[in-house]
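Commentary on secondary and tertiary structure
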Amino acid sequence: MKGKKILALALSAVMLMSLIGLAMAETKAEKILIYVGKGEIVDDFKALTDLYKQETGVSVEMVSAAGEDGGALLRNYLTADNSLTIFTTSPGANAKTFDAFIADMSDLPVVQEISKGALDAVTSEDGKLQGIPFTVEGYGFVYNKDLVDPAKITDLASFTTYMEEAKAKGVDGLMLSAENYFLIVHMLALPFAMQDDPEAFTASVVNGEVQLRDVEAFQEWAKFYDVIRKNAVADPLTTSYDQATGAFATGKTGLLHQGNWAFSMFADYDVTFEMGIMPVPILGNDRISASVPGMWVVNPNATAEEQKAAKDFINWMYTSEIGKDYLYSKFQFIPLIDADLEKYGENLDPLSTAVQKFISDDKTVPFATAYFPSGIDVDLVAIAQGFFGDPNMTTDQLLDSITETFAEYN
Amino acid sequence: MKRGKGWYALFVFPLVAVFLVVNIIPFIIGIGYTFIEWDGLTPGAQKYVGLDNFIRIFSDAQFGRDIGHTLTYTGMALVGINVVGLAFALIVTSRWLYGRNAARAMLFMPYLIGGLILGFIWKYIYNNALPDIANSLGLTGLTGSMLTTPSSAMLAMVITDIWKSAGYVMIVYITGLQAIPDEVMEAARVDGVGFWSNLFQVKLPLLMPAITICLFMTLSASFKIYDLNLALTGGGPSKSTQMLAMNIYNEIFARSNFGYGQAKAFLFFIFIAVFTLAQVSVTRKREVVM
C-alpha cells in the first residue's frame, strides 16, 4: 500500500510539473521552423541550429529543397499553413511575390551594424526592411592570372583579339555553361544594370517602350555574345557548370563568366594558379555586378512568440561568436558588418576577396536580375539556345527576341 | 453471402476515401481556380475573371506549339515502346533463348530508375559519351550532341523513353503471350503457319486485351511526361521539346499565373481523357473472345 501511495504522489508531481512547464511554454516559443533555400549551406546550418538549441533551448527545425524546385516547395509551405517562421528568398522580384509573407525587420539590433548598401538592397519601395541580407556576391569574368592579363582585355576589340587567339590554339578563351543563369541571364543583366535607373529601365522594356536594339550598351553586349559564339570550341549548350569550372581549374580555359560562389567548385582540384575577377568590358565598363543574393525573412503570419524567437535567432547568428564563425568560415559569407570584415576578412577565398575589393572601391553595379519578371530565365535560355544553335541568327535578331520576351510579361 | 456487401464496403471504403480526398475534391476545387486570376500566394488577391483564362489559351502560340510537341512525342513513343516491348516479349518467351529470366530482369531494370536520374544519365550520354565515341571512330558527321537540334532532341527523348518503358510493357505482353492456350499454338504449328502470319493472325488477335492495357498506359504516360522532359532537354533547344506538362508547370510555378495555368491544366485533362477513352473503346472492339 505504501508503495502505491508514493507512486501516486510521484505521478501527480510529474503531472503538476509538466503542467507548469506547459504554462511557461506559452510565453516563449520553443520551436521555430525555417526554410533554407541555399542548398550549399544546409549541412552546416543544421549543425548551427544544434548549437543554438544547446545554448538557448529553442529548437530551430530546418526544411530545405535539396535537388528540388525550391520556389515551388516554399510556396507550398507558405500557403499550406503558417508554420514556417523564417525563410530565405532573394530581394527584388521574388521578394515582391512573397510580400504578404514578409515582416519588417528594422527592429532587429544587428541592423544598426550592417552596411547601408546591403540594407538598401533588401529594402522595399515603401521602406520595409524585408530581411537580413546573407552576404554580398559578385560576378564578372573569373580569370586565371597565368593565362589572362586583365589590363589587355578592356574593350570589345581587345576581347575579340583574345578570343580569336585562343581559338587559333584550339582552346576556349571563355567557357559558358548551359544552365539558365550561366548561359545568358547573368551576362544579360549587366547592360540592364549599367543604365542610370535599372529598375525603371527594365520596367520600360517590359512595357514595350524601349527596343533593346536602340540602346548602345545592348548592341555592344550582343557583339560580345556574338564573339563568344563565334569562338566557342566546346558547345556551351552541352557544357555543364561542373565541366566549365573543371576546365578552368585545370587551366584549359582562361575565363569563365562566374561569381565568387564558383570557388567552392575548385576545391576538388589541385589549383596551382592565382585567380581573380575582372569586369566585363562592355563600353569600357570597369565595374562588376555585386549585390545581396538572398536574405533571411520572418513570416508575419506566425504567432508573435514565434516571430520574436525567429528574430532572436537571426540576431544571435550575426552577433554571437559561434554564429559569426559559421557565417563567415563555414558558409563563406562576405561579412556585411565592418568590424567583422576586419576580423574575418583574411579567411575569405581569393574570389570573394576580389569581389570585396570592387565593393570597397565602389566599382560595382547592382544585380539587375532582381528587377526581371520572375520566370523569365526559362524564356531567355530558350533564346540563347536558338542563338548558339543557329550561326545565321544576327545580333539584332537576338536583341529583338529578348525585347519581345520581356514585353510578353507586361 | 448476405454479409458480402458489408464487407465489400468496409474494405473499399479506405481507398474510396483516399481517392476522394486526394483526387476528386482537389480536382473540383481546381475547376474553381480556372475562373480566377491569382498569383497563388497572396491571400485575398483572387480576382474573378470568368472565362477569360480559357479565351486567353487560344491566343497562346507557345501552348499551341507545345500541343504539337506532345502529340509528336506521344505518337512516336506509343509506337516505339509497344513495338519494342512486344519484340522483347516475343524474344524472351521463345524456347531457344538461353537465360530467359535473366534477360527479362535486365530488360525490366531501366523502368526502376527514376525519370529524373534517367534523364541526367542520358543527358551525359547524348552530350558527352556519344560525341566522344563518334570522335574516336572518326565519324565527323556525328560528333554533335543530339540534344542541340530540335528534331534530334525530340528523337532523343523518344529513344530514352523507349529504353525505359519497353521493359515494362514487355511484362504485360509476356503475361498475354503465356495466356494463349497451347492447343492454339499447337494447331498453328501443325498447319505450318510461318512466323509473320503466326504473329499477325494468331498471336496479335489473342493479345488484344494486353495491347489495350499497354496502349492505355503508354498513351497516358507519354502525354503527361514531365520528369524526363525536365532532366533530359529542359524543353530545349529553344522550347522545341517542351511538353504540355512543362508548359503548365512553368505557367504556375515560374510565372505565378495560377488561374491561367489551372485553366491550361483543365484543358490538358480533357485532352488526355478524350484520347485515352477513344483508344480504349477502339481497341476493346478488336478484342476476341475465346
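The structure contained in this document is the topic of the report that follows. Residue numbering note: each chain is counted from 1, following its sequence as written. Chains carry letters and ligands carry numbers; both start at the beginning, A for chains and 1 for ligands, and go up in the order they are written. Only residues with pLDDT of at least 70 get local features here, since the model is predicted, and only at 80 or more are side-chain atom pairs given and counted; chain-wide, interface and lining totals rely on the full set of residues. To get the side-chain values, all heavy atoms of the structure are used, and hydrogens and water are removed first.

What about the overall build of chain B?
- Scanning chain B from N- to C-terminus turns up eleven helices and two strands.
- A run of H or I in DSSP counts as a helix once it spans at least four residues, and a run of E counts as a strand once it spans at least two, with each numbered from the N terminus. The linear arrangement of helices and strands in chain B, starting from the amino end, is α-β-β-α-α-α-α-α-α-α-α-α-α.
- Along the longest, intermediate and shortest principal axes, the C-alpha atoms of chain B span 75 × 75 × 30 Å.
- Here a residue-residue contact requires only that any non-hydrogen atoms of the pair lie within 4.5 Å. For chain B, contacts bridging at least 24 residues in sequence account for 70% of all contacts bridging at least 6.
- Surface accessibility follows the Shrake-Rupley procedure with a 1.4 Å probe radius. Residue values consider only the protein chains on display as shielding. As presented, chain B carries roughly 16200 Å² of accessible surface, and 70% of it is formed by carbon and sulfur atoms.
- Each charge class in chain B can be summarised by its mean position, and for the 20 positive and 14 negative side chains these summaries are 6 Å apart. Positive charge is attributed to Lys and Arg, negative charge to Asp and Glu, and no charge count is given to His or to the chain ends. In plain terms, the charge of a residue is placed at NZ if it is Lys, CZ if Arg, CG if Asp and CD if Glu.

Observations concerning the nonpolar core
- Buried Ala, Val, Leu, Ile, Met, Phe, Trp, Tyr and Cys residues that are joined via side-chain atoms within 4.5 Å together make up what is termed a nonpolar core. Categorising residues by exposure relies on relative accessible area from a 1.4 Å probe, with only protein chains included: less than 20% of the type maximum marks a residue as buried, more than 50% marks it as exposed, and the intermediate range marks it as partly exposed. In this structure, Trp221, Tyr225 and Trp296 of chain A are the most contacted members of the largest nonpolar core, which totals 137 residues.
- Top contributing element to this core by residue count: helix H7 (residues 180–193) of chain A, with ten residues.
- Inspection of this core shows a minimum of three residues originating in each of domain 1 (18–136 + 292–319) and domain 2 (137–290 + 355–408) of chain A.
- Membership of the second largest hydrophobic core comes to 57 residues, among which are Phe54, Leu86, Ile174 and Leu177 of chain B. Those domain boundaries reflect an automatic or database domain assignment.

So, helix H16 (residues 395–408) of chain A
Residue and element names in this part refer to chain A.
- With 14 residues, H16 extends 20 Å from end C-alpha to end C-alpha; this agrees with the ideal 20 Å at 1.5 Å per step.
- Among the residues of H16, Leu398, Leu399, Asp400, Ile402, Thr403, Thr405 and Phe406 are the ones counted as buried.
- Among the structural elements, H7, helix H8 (198–207), helix H9 (216–230) and helix H15 (376–389) are those in contact with the buried residues of H16. The span you would expect from a helix comes to 1.5 Å times its residue count less one.

Concerning the pairing of strand S8 (residues 275–278) of chain A
Residue and element names in this part refer to chain A.
- Where burial is concerned, the two faces of S8 agree: the one with Met275 and Ile277 and the one with Gly276 and Met278 are both buried.
- At least two bridges found by DSSP between two strands are what make those strands a pair. Pairing between strand S5 (residues 137–144) and S8: four bridges, direction antiparallel. Among the inter-strand pairings, Asn144 is bridged to a residue of S8, identified as Met275.

As for the interface of chain A and chain B
- On the side of chain B, 20 residues touch chain A, which itself brings 22 residues to the contact.
- Here chain A and chain B share an interface that buries about 1700 Å² over both sides, 53% of which is from carbon and sulfur atoms.
- Put simply, buried area is the surface a 1.4 Å probe can reach on two separate parts but cannot reach once they are joined, added for both. In terms of surface lost to chain B, no three residues of chain A exceed Arg75, Thr238 and Gln385 of chain A, which account for 29% of the buried area on that side.
- Salt bridges are defined by distance alone: a side-chain nitrogen of Lys or Arg within 4 Å of a carboxyl oxygen of Asp or Glu. Taken together, the links from chain A to chain B amount to three salt bridges.
- Think of a polar contact as two N or O atoms within 3.5 Å of one another; within protein, one of them needs to be a possible hydrogen donor and the other a possible acceptor, and neighboring residues in sequence only count if both atoms come from side chains. The interface formed by chain A and chain B holds nine residue pairs in polar contact (both at pLDDT 80 or more) in total.
- Listing elements by their share of the side of chain A that touches chain B, those giving two or more residues are helix H3 (70–80) and H15 of chain A.

Examining the environment of Ala103 of chain A
All names here are of chain A.
- Checked against the element boundaries, Ala103 lands in the loop between helix H4 (93–97) and helix H5 (116–121).
- Since its relative accessible area comes to 6%, Ala103 is described here as buried.
- A sequence separation of 28 residues divides Ala103 from Gly131, and the C-alpha atoms of the two residues are 7.9 Å apart.
- Every residue in contact with Ala103, bar those within four places of it in the chain, is listed here: Lys128, Leu129, Gln130, Val298, Pro300 and Gln307.

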